[in-house]
Every structure is written in C-alpha cells, then in structure tokens.
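# Structural overview
Below, each chain spelled out in residue letters.
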Amino acid sequence: MISCEELVKIYKTDDIEVVALKGLNISVESGEMMAIIGNSGSGKSTLLNILGGLDRPSAGQVQVGEWNLLKITDEELVKYKRNTVGFIWQNNARNLVPYLTAVENVEMPMMLSGQYDRAYAKQLLEWVGLKERMGNKLQQLSGGEQQRVAIAISLANRPSLLLADEPTGSVDTKTSDMIMDIFRRLNRELGVTIVIVTHDMTLASKVDRVVAIRDGMTSTEFIKRNPNLDETGPGMAGSTMHDAHEEYVVLDRAGRLQIPKAYLQALKIDSKASMEFDGEKIIIRSPKSLA
Ligand SMILES: Nc1ncnc2c1ncn2[C@@H]1O[C@H](COP(=O)(O)OP(=O)(O)OP(=O)(O)O)[C@@H](O)[C@H]1O
C-alpha cells in the first residue's frame, strides 16, 4: 500500500533549511495496522503529512497505492485526498462544524465529493459507538465523542488508507482504549490500512508492527510475536510493547543501519568504528578499544 524510499523533506524558511526527513525508508502492506513512534522533532508528522497529501516531498520515492506522490499533479492530489486517504488529528475541532449534528458532519465530505449516502453515514456512527448520539449537535458531545465523530468523518469517502496523528492525544485512557478498539475493528472488517503516529508506547503495543523514527530516518522496528493475540484481550492488561514485540534494527537498501546515539556515546565512537564478523555475529567496537 505504502512504499517510501530514500524520502527527503527539506523545509526552507528565510535562510534556514531544516532537513526533516533524511532518506527515510518504510513500507506498509495493504490491510496492515501499524504505528510510527519517535521523539518530538523526529519527523513523524512530516511523514504523515506527505502520505496524506498535505505536504510535498523534496526528493526520493513515495508511492501510495497507484499514486506516485512525488509526481502527482495538483488536480490528482485533490482526488487522492478525497478518495484514497482519510486523516485523523489529535484535535479535530477544526474539522467539525459545531452547530451541525453528528450525522450531518459525517455527510459533509460525502456531499463535497458528490457521494451522499445517509445510510452509510449512520452506519459509520454506529460503528464508532454513537448510534444514540447521531442526532446531537457537535457542541453537545464530549471531546472523546467528538473524536469518534472525526473517525466516522475520516471514513466517509471509503478511503483505503487511514492516517492518524496522535489520535488519542487529548482523551483519557478509557476513550483511548475505545478508539484503538474501533481502529482494530475497522481494520479487520473494512480492510482499511491504518497508520498511527504516537508518542504513547501503550498505544503502540496494540498494533502488529511499530516503526521507530530517529532523526528523520527509520531506525528500529518492533514486530508482534503473536499477531493473533489481541493486546486488549484478557490476560494482556498492563503488557508493554517490549513484552509483546520483538525488536529489530532496520537495514536500508544500501546496507546502512542506525546505531542509537546513546550506544555510540557510551563507547565513545564518533567518526569511525571497527567491525568484526566472527561467523555468527557482527561486533562493532570503538577503534580506541583495540589500541
Ligand atoms: N513547516 C515547517 N517549517 C520548518 N520546519 C518544520 C516545519 N514542520 C516541521 N519542521 C521541522 O521538521 C522537523 C520534524 O518535525 P515533525 O513535526 O515532523 O516532528 P514530529 O516527530 O512529528 O514531532 P512532534 O512529536 O513534536 O509532533 C522538526 O525539526 C521541525 O522543527
């Protein structure tokens, strides 16, 4: 569904250039539900904005389904945003109309794309657990309920890809669990590919795969040991991502891997290191340790 190769994004403001993505590689399979984690400033939102067609990449390859997002025309981008991708933000208030009802809000994007379908709007609200509240005006709903309306809106045009930037950032744990359960159901029942950007490790433990971004590049990947085991199911309460996932360091096509800064600092490795292969392991050492 998604393939990014050597993706670069440079922001230019006045005389300053910020390289937010420095040759990032990532692929996401169709029907996958995965998370992207990383520290503040690591490039998570930049990546999501590019995948959502809200921002243009500077260089590299980025393909989502049939679309090449580096070469896409402005006209095609409008179509892409309308039909292929759905977006959910941490704070969705800016996309919701407070004086319209929940169901009217879901119908809005349908009307804009000429695909009005009240029955489907109602069904979406039922899926997100708002059957009883669909006639309420947005301003009469709680923050968590509004977030669930936003999920229904993001699905109004039947996208094949759902992008969520800190979707549970401003709700309590109970609502956050509910939102993750909704994502899981939508993923299983509608087959929607879901990419969630988050700081929250407990949230990351509820997906099959987690990709960590460091300094604008993918660094580590965590893959669930038992994909059939539902983290929200009985016996899994309180489990962390490290309990449930196996950790791998990512190797890019050119054979490069990112070694965590903390490891390099601990071994006082700066511009070069010594590397040894003993037939089973690769050992990386500070050149000074051999002296
Ligand atoms: N529009 C912009 N103009 C200039 N620099 C930007 C712009 N947007 C992001 N950046 C810079 O690009 C880098 C990556 O930012 P990004 O928002 O993608 O990080 P993030 O991982 O999503 O962080 P956070 O978790 O804090 O949202 C940061 O150094 C940021 O300051």
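Residue numbering note: each chain is counted from 1, following its sequence as written. It should be noted that, the model being predicted, local features are given only for residues of pLDDT at least 70 and side-chain atom pairs only at 80 or more, the latter also being counted only at that level, while totals for whole chains, interfaces and linings use all residues.

### What about unusual backbone geometry?
Positive phi is not limited to glycine here, since Arg 158 has a value of about 50 degrees. Only DSSP runs of H or I reaching four residues or more are called helices, and only runs of E reaching two or more are called strands; each is numbered from the N terminus. As for its position among the elements, Arg 158 is in the loop between α5 (143–154) and β7 (161–165). Since 15 C-beta atoms lie within 10 Å of it, Arg 158 is described here as partly exposed. Residues other than glycine seldom take positive phi values, yet Asp 215 does so here, at roughly 50 degrees. For Asp 215, the position within the fold is in the loop between β9 (209–214) and β10 (217–224). Counts of 20 or more other C-beta atoms within 10 Å of a residue's own C-beta define buried residues, counts of 12 or fewer define exposed ones, and intermediate counts define partly exposed ones; C-beta atoms are placed from the backbone.

### Here's the deal with the packing of helix α3 (residues 102–112) against α5
Put simply, α3 and α5 touch, their axes get as near as 8 Å, and they point 30 degrees apart. As the angle between them shows, α3 and α5 are arranged roughly parallel. In this structure, α3 meets α5 at a crossing whose hand is right-handed. Where α3 abuts α5, its residues Ala 102, Asn 105, Val 106 and Pro 109 lie against Val 149, Ala 152 and Ile 153. Only Asp, Glu, Lys and Arg are considered charged, only Ala, Val, Leu, Ile, Met, Phe, Trp, Tyr, Cys and Pro nonpolar, and every remaining residue, Gly among them, polar. Looking at the contact of α3 with α5 residue by residue, the class counts come to 6 nonpolar, 1 polar and no charged. Angles here are taken between N-to-C directions and fall from 0 to 180 degrees, while the axes themselves are lines fitted to C-alpha atoms, restricted in helices to the stretch in contact. For this classification, under 35 degrees means roughly parallel, over 145 means roughly antiparallel, 65 to 115 means roughly perpendicular, and everything else is oblique. Two helices cross in a left-handed way if the nearer one is turned anticlockwise from the farther one by less than a right angle. They cross in a right-handed way if the turn is clockwise. Residue pairs qualify as contacts under a 7 Å threshold applied to their C-beta atoms, which are placed from the backbone.

### Observations regarding α3
By the burial criterion, the buried members of α3 are Ala 102, Asn 105, Val 106 and Glu 107. Turning to α3, the residues buried within the fold contact α4 (118–127) and α5. Count one or two residues on from α3 and you reach Gly 114, which has phi positive near 70 degrees.

### Side note on the domain arrangement of the chain
Domain ranges listed in this record stem from an automatic or a database domain assignment. For the chain, the domain assignment lists domain 1 (2–84 + 159–258) and domain 2 (260–291). Centre-to-centre separation of domain 1 and domain 2, based on C-alpha positions: 31 Å.

### As for the packing of α3 against α4
Axis separation between α3 and α4 bottoms out at 9 Å; the angle between their running directions is 125 degrees. Classified by the angle between their axes, α3 and α4 sit oblique to one another. Handedness of the crossing formed by α3 with α4: right-handed. Contact residues: α3 offers Ala 102, Val 103, Val 106, Glu 107 and Met 110, while α4 offers Arg 118, Ala 121, Lys 122, Leu 124 and Leu 125. Taken together, the residues that form the contact of α3 with α4 break down as 7 nonpolar, no polar and 3 charged.

### A short note on the site of the ligand
Residues in contact with the ligand, as listed here, are Tyr 11, Thr 13, Val 18, Ala 20, Gly 38, Ser 40, Gly 41, Ser 42, Gly 43, Lys 44, Ser 45 and Thr 46. Of all elements in the fold, only β1 (2–13), β2 (16–28) and α1 (44–51) reach the threshold of two or more residues within the shell around the ligand. The biggest single contributor to the shell around the ligand is α1, with 3 residues. Residue composition of the shell around the ligand, by class: 3 nonpolar, 8 polar and 1 charged. Each residue gets a C-beta atom placed from its backbone. Should that atom fall within 6 Å of a molecule or strand, the residue is termed near it.

### Thoughts on the sheet that holds β1
Here, a strand pair is defined by DSSP locating no fewer than two bridges between the strands. What the 4 strands build is an open sheet, ordered β2-β1-β4-β5; its pairing is antiparallel. Both outer strands of the open sheet, β2 and β5 (67–68), are each paired with one neighbouring strand and no more. Pairing between β1 and β2: 10 bridges, direction antiparallel. Of the residues in β2, the one forming a bridge with Lys 12 is Glu 17. Lying over the sheet, α1 contacts β1, β2 and β4 (59–64), oriented at roughly 65 degrees with respect to β2.

### Looking at the environment of Ala 262
Within the element layout of this structure, Ala 262 appears in helix α9 (residues 261–266). Taking the C-beta count within 10 Å as the criterion, Ala 262 has 8 such neighbours and is therefore assigned exposed. Along the sequence, Ala 262 and Ile 2 sit 260 residues apart, while their C-alpha atoms lie 31 Å from each other.

### Digging into the pairing of strand β3 (residues 33–37)
The buried fraction of β3 amounts to 5 of the 5 residues, a majority that puts the element mostly inside the structure. Side chains Met 33, Ala 35 and Ile 37 project from β3 onto one buried face, and the interleaved Met 34 and Ile 36 project onto a second face that is buried too. By the bridge criterion, 4 bridges tie β3 to β9 in an arrangement that is parallel. Paired with Met 34 across the two strands is Arg 209, which belongs to β9.

### Quick look at the sheet that holds β3
The 7 strands are arranged β6-β7-β8-β3-β9-β10-β11 in an open sheet whose pairing can be described as mixed. The open sheet has two edge strands with one neighbour each: β6 (85–88) and β11 (245–249). Averaged over all adjacent pairs, the angle separating strand axes in this sheet is 20 degrees, with direction ignored.

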